[in-house]
Structures are given as C-alpha cells and as structure tokens.
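As a plain string of letters, each chain reads:
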Amino acid sequence: MSTIIGAETTAKVETQPRGKMIAYWSVTLLLAASITLSGIGQLMRYGGNVELVTNIGFPLYVTNILGSWKLLGVIAIVVPGFPRLKEWAHAGLFFLMTGAALSHVFANDYGDYGFHIILPLSYAALNIASWALRPKSRKL
C-alpha cells in the first residue's frame, strides 16, 4: 500500500541575466540618444544637415521627413509594450541608416575619413545590438 503524503512543485521563473539587461538598456539608451539628437538636428537643420542632404542630391524637405521618422522610431523603441511596433521601428531604423550610408556611397560623398558612411553604419550596428539583446517581454 502506498500513500502520497504531499507533492511539492516548484516553478522555475526564467529571468534574464542582469548583465544582459544592463547591456540591453545601455545600448538602447545610447541608440535612442544618438538617433534623437540626429532627428532633432535634421528637423532644425543644425550642424551641416542642409549640406549633408543637398550634397547627395536630395531636396531639403527630406530632412523634415527623416527627422520625424527618427523621433517616432525612438519613441516606439523606448516606450514599454507594443512588441510588434518595436519590431517595425527597429527594421525602419535599420533601413533608414543603411539607406543613408548607401546614398552617400552612390553620391561619392564619403566625408572626412568616411564619416558619412561610418556614422550611419554604427547607428545600424547599435540598432541590431539593441534588437538582439531585447528582453523576452519585448519579443513577439
């Protein structure tokens, strides 16, 4: 005869390692700050943004469109919730930054030491890192 005296079950709660969470927020906030400053610079046409756009043959109103998209993308990435919107925002920022780098390449406008290519590609790399390090709550 066997009797069951008690059954104890424990649920393992999977938590993200603290280091990965710190890395995620560090990269995401660095990305958000740099894209925000870039977007504000384009909207206000600060620091050579006019020459940057006109040298590659784009009309000046493009700065308003790109600056607005950047700020909306940053809001989508930083605000909690809305995981699908975050996926779209990361994709949009990636295409925006790689498109900027390619636009400068095709226009032979590399800037000093390739700055017009390196900067947008570094933003794209930060974007990929932020996306890859995101917590489970921000995944689809």
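Analysis parameters
- Residues numbered from 1 in each chain as written.
- Predicted model: local features only at pLDDT ≥ 70, side-chain atom pairs only at ≥ 80, totals over all residues.
- Heavy atoms only, no water.
- Helix = DSSP H or I, 4+ residues; strand = E, 2+ residues; numbered from the N terminus.
- Buried < 20%, exposed > 50% of the residue type's maximum accessible area, 1.4 Å probe, protein only.
- Axes fitted to C-alpha atoms, helices over the stretch in contact; angles between N-to-C directions.
- Parallel < 35°, antiparallel > 145°, perpendicular 65-115°, else oblique.
- Left-handed = near helix turned anticlockwise from the far one by under 90°.
- Contact = heavy atoms within 4.5 Å.
- Nonpolar A, V, L, I, M, F, W, Y, C, P; charged D, E, K, R; others polar.
- UniProt positions renumbered as here; feature names shortened; annotations may be inferred.
- Polar contact = N/O pair within 3.5 Å; in protein donor to acceptor, adjacent residues only side chain to side chain.

Undergrad: Lay out unusual backbone geometry in plain terms, naming residues and giving numbers.
TA: Of note, Arg45 is a non-glycine position whose phi angle comes to about 60°, a positive value. Residue position: Arg45 is located in the loop between α1 (18-44) and α2 (49-54). A relative accessible area of 34% places Arg45 in the partly exposed class. Its identity is not glycine, yet Tyr113 carries a phi of approximately 60°, on the positive side. With respect to the element layout, Tyr113 can be found in the loop between α4 (83-106) and α5 (115-133). Judged by its relative accessible area of 83%, Tyr113 is exposed.

Undergrad: Describe the packing of α1 against helix α3 (residues 62-78), with residues and values.
TA: The axes of two packed helices give the description: the angle between them and the distance between them. It is the contact of α1 with α3, at a shortest axis distance of 8 Å, that shows an interaxial angle of 155°. It follows that α1 is roughly antiparallel to α3 by the angle criterion. For the crossing formed where α1 meets α3, the hand is left-handed. The segment α1 lies against α3, with Trp25, Thr28, Leu31, Ala32, Ile35, Thr36, Ser38, Gly39, Ile40, Gln42 and Leu43 engaging Thr63, Asn64, Leu66, Gly67, Ser68, Lys70, Leu71, Val74, Ile77 and Val78. Partitioned by chemical class, the residues of the contact of α1 with α3 number 11 nonpolar, 9 polar and 1 charged.

Undergrad: How would you summarise the UniProt feature "transmembrane region" (unreviewed entry) in the protein if you had to cite specific residues and measurements?
TA: In the numbering adopted here, UniProt assigns the feature "transmembrane region" (unreviewed entry) to residues 21-40, 60-81, 88-107 and 113-133. This span, residues 60-81, is 77% helix and 0% strand, and a straight line between its end C-alpha atoms measures 35 Å. In the segment residues 88-107, helix accounts for 95% and strand for 0%; the C-alpha atoms at its two ends are 28 Å apart.

Undergrad: Which residues make up the side chain of Lys86, and what are the values?
TA: Inspection of the secondary structure assignment puts Lys86 in helix α4. Here the side chain of Lys86 touches Ile77 through a polar contact of 3.1 Å, landing on its backbone oxygen. A polar contact is formed between the side chain of Lys86 and the backbone oxygen of Gly81, at a distance of 3.5 Å. Here Lys86 is in contact with Ala76, Ile77, Val78, Val79, Pro80, Gly81 and Arg138, once residues within four sequence places are set aside.

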